[in-house]
Amino acid sequence: MNGLQTNEIVRDPNVVATEINIIKAYTDKILLSSAIVIGKKLKEAKQLVGHGKWEGWLKTEVSYSQRTASNLIRLSEEYGTQLLENEIGNQLADLGYTQAVAMLKLDFEERENFMEEHDVTSMTTRELEAAIAEKIAIEK
């Protein structure tokens, strides 16, 4: 190349992976916070829409299924105040959306105990769901 040197910087794939994982974690927090706010709004809308019109309203106005809306409302009810007001200094604040939905299978007290016994934030959603299913099966 005409004797010219290029100052090309070679990036390490591990650095790129770290950058991606940081962005993923940040995105999960935004997604969960947004889901909680949406759940609060859905709960309000459900009261305003009236009996028998909820499912139709969900489809036409916000394109949510009944199941998705129920999950969002439950997220808001179960985690909303604590997460949005940053009252928690535990793993719950670091959960992603799908992890938070999976944790809804446990009641509040069980959830707290489960999170003390497991490193929930480092588990994939599949691993978390399997561990929750195992816990529920053992208790039955």
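Residues numbered from 1 in each chain as written. Predicted model: local features only at pLDDT ≥ 70, side-chain atom pairs only at ≥ 80, totals over all residues. Heavy atoms only, no water.

## Quick look at the overall build of the protein
A count of helices and strands for the protein gives six helices and zero strands. Going from the N terminus to the C terminus, the protein shows its helices and strands as α-α-α-α-α-α. By the burial criterion, 28% of the 140 residues in the protein qualify as buried. Considering only contacts in the protein between residues 6 or more positions apart, those separated by 24 or more positions represent 61%. When the accessible surface of the protein is totalled, it reaches about 9900 Å², and 52% of it is carbon and sulfur. (Helix = DSSP H or I, 4+ residues; strand = E, 2+ residues; numbered from the N terminus. Buried < 20%, exposed > 50% of the residue type's maximum accessible area, 1.4 Å probe, protein only. Contact = heavy atoms within 4.5 Å. Areas by Shrake-Rupley, 256 points an atom, 1.4 Å probe, with all protein chains shown as cover.)

## Describing the side chain of Q99
Looking at the element boundaries, Q99 is found in helix α4 (residues 97–103). Its relative accessible area of 8% is what places Q99 among the buried residues.

## Observations regarding the layout of surface pockets
Quantified by volume, the largest pocket comes out at close to 200 Å³. If you go around the largest pocket, the residues you meet are N21, K24, A25, D28, K29, D94, G96, Q99, T121 and M123. For the lining of the largest pocket, the leading source of residues is helix α1 (residues 13–49), giving five residues. Taken together, the residues that form the lining of the largest pocket break down as two nonpolar, four polar and four charged. (1 Å grid on protein atoms, 1.4 Å probe; cavity = no way out; pocket = protein on both sides within 12 Å on 5 of 7 lines; lining within 4 Å. Points joined across faces, edges and corners; volume = space filled by probe spheres on them. Nonpolar A, V, L, I, M, F, W, Y, C, P; charged D, E, K, R; others polar.)

## Remarks on the environment of L31
Relative to the elements of secondary structure, L31 occurs in helix α1. Here the alpha-carbon distance between L31 and Y97, two residues 66 residues apart in the chain, equals 6.3 Å.

## A few points about the packing of α1 against helix α2 (residues 54–62)
Two numbers describe how α1 lies on α2: the axes approach to 10 Å, and their chain directions differ by 125°. With respect to each other, α1 and α2 are oriented oblique. For α1 against α2, the interelement crossing comes out right-handed. Here α1 contributes L42, A45, K46 and V49 to the contact with α2, which in turn contributes W54, W57, L58 and V62. Residue composition of the contact of α1 with α2, grouped by class: seven nonpolar, no polar and one charged. (Axes fitted to C-alpha atoms, helices over the stretch in contact; angles between N-to-C directions. Parallel < 35°, antiparallel > 145°, perpendicular 65-115°, else oblique. Left-handed = near helix turned anticlockwise from the far one by under 90°.)

## Quick look at the nonpolar core
Soluble globular proteins tend to bury their nonpolar side chains together. In this structure, L75, Y79, L95, M103, F114 and L128 are the most contacted members of the largest nonpolar core, which totals 28 residues. Of all the secondary-structure elements, those providing two or more residues to this core are α1, α2, α3 (66–84), α4, α5 (108–117) and α6 (125–139). Contacts of M103, omitting those with residues within four sequence positions, involve Y79, L95, R111, F114, M115, V120, L128 and I132. (Core = buried A, V, L, I, M, F, W, Y, C linked by side-chain atoms within 4.5 Å.)

## A look at the side chain of R111
Note on placement: R111 falls in helix α5. Within the local environment of R111, its side chain forms a polar contact with the backbone oxygen of M103, the two atoms lying 3.3 Å apart. Excluding its chain neighbours within four sequence positions, the residues that come into contact with R111 are E78, Y79, M103, L104 and L106. (Polar contact = N/O pair within 3.5 Å; in protein donor to acceptor, adjacent residues only side chain to side chain.)

## Side note on the pattern of salt bridges
Tallied over the full model, the rule gives five salt bridges. A salt bridge links E78 to R111; the shortest N-O distance between them is 2.9 Å. One end of the pair, E78, is in helix α3; the other, R111, is in helix α5, with 33 residues separating them in the sequence. By relative accessible area, E78 is classed as partly exposed at 27%. Its relative accessible area of 3% is what places R111 among the buried residues. Between K135 and E139 there is a salt bridge, with the nearest N and O atoms lying 2.7 Å from each other. Here K135 pairs with E139, and both are found in helix α6, just four residues apart, close to one helical turn. You can call K135 buried: its relative accessible area is 19%. (Salt bridge = Lys/Arg side-chain N within 4 Å of Asp/Glu carboxyl O.)

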